[in-house]
Amino acid sequence: VCIMVETPQRQALQHRLQPDQYRSHDSAPPLLSRPVPSTSAPQVLALATLISFVLLILVERQPALRAIFPDGDLYFSHYDGNYAVPLRIFVLSFYLAFATTIQAPGWARLLFGLELVLPFALFCATLDLCNGVLLALTGTSLPLQAISIITGLGGFYIFSLTMLSCADMPERDDAPLNLRFKLGSLLILVSTIVISAAVSVWVLRLDPPIVHRLREMSLLGGVAVGLFMFVPLVFFLLNILAAIQNLFRGRQNFAPDITLLIPAHNESYNIAAAIAAADVAAGNYAGEVTLIVVDNNSSDDTPAAAEAAFARCEHVTGQLLREPTPGKSHALNQGLAAVQTEFFARLDADTLLHPQLLTDCLAHFAHPYVGCVGGMPMPPGGGPFDGPRQIEVLLKSGYDQVAYGAADVIIGIPGMFACYRTAVVREVGGFANGLNGEDTDVALRIGEAGYRLIVDPELTFISEVPRTFAHLREQRQRWYRSLYHVAARNRQLLAGFTPSVRGKIVLPFMLMNTGRRAMGWPLLFFAINFLLLDADPRSTASATSLLAILMGAPLINAVVAILVNLRPGDLLQLPAYIAFRMLRYYFTLEAVLSMTFEGYAAKVRLASPRSNRARLAGPQTVQGQAMAYSATDRVN
């Protein structure tokens, strides 16, 4: 894959950007985010560690509190078994530290902290009440390990839900979707989960020596050994199902005319390489190819570089448009309005297409139910993050997305390259403005409109990878905010009784996972803190259990993804990938800290008894401004 383009084209993607050259309007969407200070995440880590230290001392060492909480954590009901770390103390410590660090007035921080703590307390109280009833009726309690894990997962999800409800988010925008409940998707997911759970329980009951070793290493307690097997098994079975599905679907010759759409902002250093690679791909494609470059308020000579590249093309018809309004989605929507073909593909100005990509991609659209197709964005090589990025791509695009595709529940397809039915994109409202994740948003809506989303690992292309820490930080903050923005804009899928497998199963799972990543570094610090305080005898935590944070189920999935995609040489990059994953955790924490709370603060202020008519008649709140902004920018 990495030698599929000429060296000069690859060198264009290895270009070291000038300071802040990579920044754009989308780096921090107005009204929804802010540039996060580099001190914010360390402040959360320090405060969470300090708060947890005090709480651990009080609960573990004070006789009165020890009598109330004999299980070493904030449990109001007795549970049998062992535990790893007191996760309720950890979650409470993180909530308080995070609420203290958000950019909001002091009283708004206090109320936001309550928004986090009170639902978590209610959740924990419900668990304890159920256990108390079980204990009274049967004389036995639920396993402490299981409750510990449920507590942690609940804490992750409550954090993400609270961010959705309190942080400044895009306005809900229910597109005119043709929602269809896909019973087949539900049956596939439920069946896979049940089979995986049954196999995991069966292995645990066999009680082989490896289970004992994994139990000692697992940070979340003995039951986590079951999760250690369960999660990889779910994805493995879904990948097997995807392979079987591909055998029956086949691939037909289908080469309709297509338009390639490239939004470009300050891309003079690589736009010529992207156009040249697209021209080569067009030469290997049977249909007519039009290439539209939309200059999005560039301050460099991107337009001149694009026109010069058009002049050298032999197979594509080039067209240059200009969109003065900053924001990639504005450029995409102007390009979408100019598309005259039944199909179009958006690609970034740093994307180099494989010569056979268009031929292989459009073949999927021979099936009328396919609405969007994506592939695997391989790194160009030579950069400090290219090795771990390649494993990340193999895992996400070549394994996880394939698994989701087997159940037809893919959430999003990255915009480095994505091919669409033009009419369907227009039907669901085009590309959303004023938020991160317009590519995920439009793919989600296409899927909920009844069309199939496909990620084909054989559709490879080269996409730029940041070569500096600052660029990687900017990129990942955008990416990790996007799930919240997309979930907020499409909250009808999460709320109420909307019949959506994505909205009721997959999207909550992804939100919970994002909350877990945001709390990854604080959890590591907490576990170290707990061990240094001489862990409770009932705890299974040890020095090796800290490694489970780094080498858990995701690492097993990464190894399987590397082997499934026939790239065993990438196993040498696993140590770098582990470090890269921890860096991702840190950037996820920064991403949630970059969110603003102006609307929440204004709402609380207006609800205060001290508010008066003058205050009510004053300027719009940020939420009101965001509503006006959304209404102005919404695609007709």
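Refer to the structure presented above.
None of the values given here were measured: they were computed from a predicted structure.

Trainee: How should the overall build of the protein be read in this particular structure?
Mentor: Along the backbone of the protein there are 25 helices and 8 strands. A total of 636 residues make up the protein; the buried ones form 56% of that total. A separation threshold of at least 6 residues defines the contact pool for the protein, and within that pool the share at least 24 residues apart is 83%.

Trainee: Would you mind going over the sheet that holds strand S8 (residues 452-463) with me for this structure?
Mentor: Note on sheets: strands pair through backbone hydrogen bonds, and any given pair is parallel or antiparallel. Pairing in this open sheet of 8 strands is mixed, and the strands run S3-S2-S1-S4-S7-S6-S8-S5 from one edge to the other. Looking at the sheet topology across the chains shown, the edges are occupied by strand S3 (316-322) and strand S5 (351-353). Neighbour to neighbour, the strand axes of the sheet diverge by 30° on average, direction disregarded. Strands in contact with helix H12 (residues 328-338) are strand S1 (258-264), strand S2 (289-295), S3 and strand S4 (343-347); relative to S1, the strand with the most contacts, it is inclined by about 155°. Here helix H14 (residues 386-406) sits on the sheet in contact with strand S6 (370-378) and S8, set at roughly 155° to S6.

Trainee: Which parts of the structure should I look at to understand H14?
Mentor: Helical geometry note: an α-helix holds 3.6 residues per turn, so side chains three or four residues apart project in the same direction. When the terminal C-alpha atoms of H14 are compared, their 28 Å separation across 21 residues agrees well with the 30 Å that a helix rising 1.5 Å per residue should span. At Asp 400, H14 shows its maximal kink, close to 25°. With 20 of its 21 residues buried, H14 lies for the most part within the structure.

Trainee: Explanation requested: the nonpolar core in the structure shown.
Mentor: Nonpolar side chains tend toward joint burial in soluble globular proteins. Core analysis: the largest hydrophobic core is formed by 128 residues, its most contacted members being Phe 98, Phe 112, Phe 159 and Met 163. Element by element, the count of residues in this core is highest for helix H22 (residues 574-593), at 11 residues. Among the nonpolar cores identified, the runner-up in size contains 37 residues, and Ile 275, Ala 282, Leu 291 and Val 370 belong to it.

Trainee: Can you help me understand the packing of aromatic side chains in this one?
Mentor: Within a pair of aromatic rings, the relevant descriptors are the distance that separates the centres and the angle that separates the planes. All told, the structure shown has 21 aromatic pairs when counted by the stated rule. A ring pair is formed by Phe 112 and Tyr 600, whose centres lie 6.3 Å apart and whose planes are at 80°; its orientation type is edge-to-face. Placement of Phe 112 in helix H5 (residues 106-138) and of Tyr 600 in helix H23 (residues 598-607) is noted, with a sequence separation of 488 residues between them. Of the two residues examined, Phe 112 and Tyr 600, each falls in the buried class. An aromatic cluster of three or more residues is present, and its members are Phe 94, Phe 98, Phe 112, Phe 159, Phe 597 and Tyr 600. Positioned above the aromatic ring of Tyr 480 is the side chain of Arg 517, whose terminal nitrogen or guanidinium carbon lies 4.7 Å from the ring centre.

Trainee: It is not clear to me how the layout of surface pockets should be interpreted in this structure. Could you clarify?
Mentor: It is a probe the size of a water molecule, rolled over the atoms, that shows where empty space is left. Here the second largest pocket is characterised by a volume of approximately 700 Å³. Residue lining of the second largest pocket: 34 residues in total, with Asn 246, Val 402, Val 455, Asp 456 and Pro 457 positioned closest to the centre. Going through the elements one at a time, helix H9 (224-249), S6, H14 and S8 are the ones with two or more residues in the lining of the second largest pocket. Ranked by residues supplied to the lining of the second largest pocket, first place goes to S8 with 8 residues.

Rules of the game
Within any chain, residue numbers begin from 1 and follow the written order of that chain's sequence. Local features in a predicted model are, by the rule used here, given only for residues with pLDDT of at least 70; side-chain atom pairs are given and counted only at 80 or more, and totals for whole chains, interfaces and linings are based on all residues. Only heavy atoms go into the side-chain values, all of them from the structure, while hydrogens and water stay out. Numbering of helices and strands starts at the N terminus; helices are DSSP runs of H or I of at least 4 residues and strands are runs of E of at least 2. Buried means the residue's accessible area, taken with a 1.4 Å probe over protein chains only, is under 20% of the maximum for its type, while exposed means over 50%, and partly exposed covers the values in between. By definition, residues are in contact when any of their heavy atoms lie within 4.5 Å. Each pair of strands is called paired provided DSSP finds at least two bridges between the two strands. Between N-to-C directions, angles cover 0 to 180 degrees, with each direction set by a line fitted to C-alpha atoms, over the stretch in contact for helices. Here the expected length of a helix is defined as 1.5 Å per residue gap, with one fewer gap than residues. The bend reported for a residue corresponds to the angle between axes fitted to the seven residues ending at that residue and the seven starting there. Here, nonpolar core means buried Ala, Val, Leu, Ile, Met, Phe, Trp, Tyr and Cys residues that are tied together by side-chain atoms lying within 4.5 Å of each other. Classification of ring pairs uses Phe, Tyr and Trp, with its six-membered ring standing for Trp, and accepts pairs whose centres are within 6.5 Å; under 30 degrees between planes counts as stacked, over 60 as edge-to-face, and the remaining range as tilted. Our definition puts a charge over a ring when NZ of Lys or CZ of Arg is within 6 Å of the ring centre and also within 35 degrees of the ring normal. Cavities and pockets are defined on a 1 Å grid built over the protein atoms alone: a cavity is a set of grid points where a 1.4 Å probe fits but cannot escape, while a pocket is an open set with protein on both sides within 12 Å along at least five of seven lines, and lining residues are those with an atom within 4 Å of any such point. Grid points are joined across faces, edges and corners, and a volume is the space filled by probe spheres set on the points.

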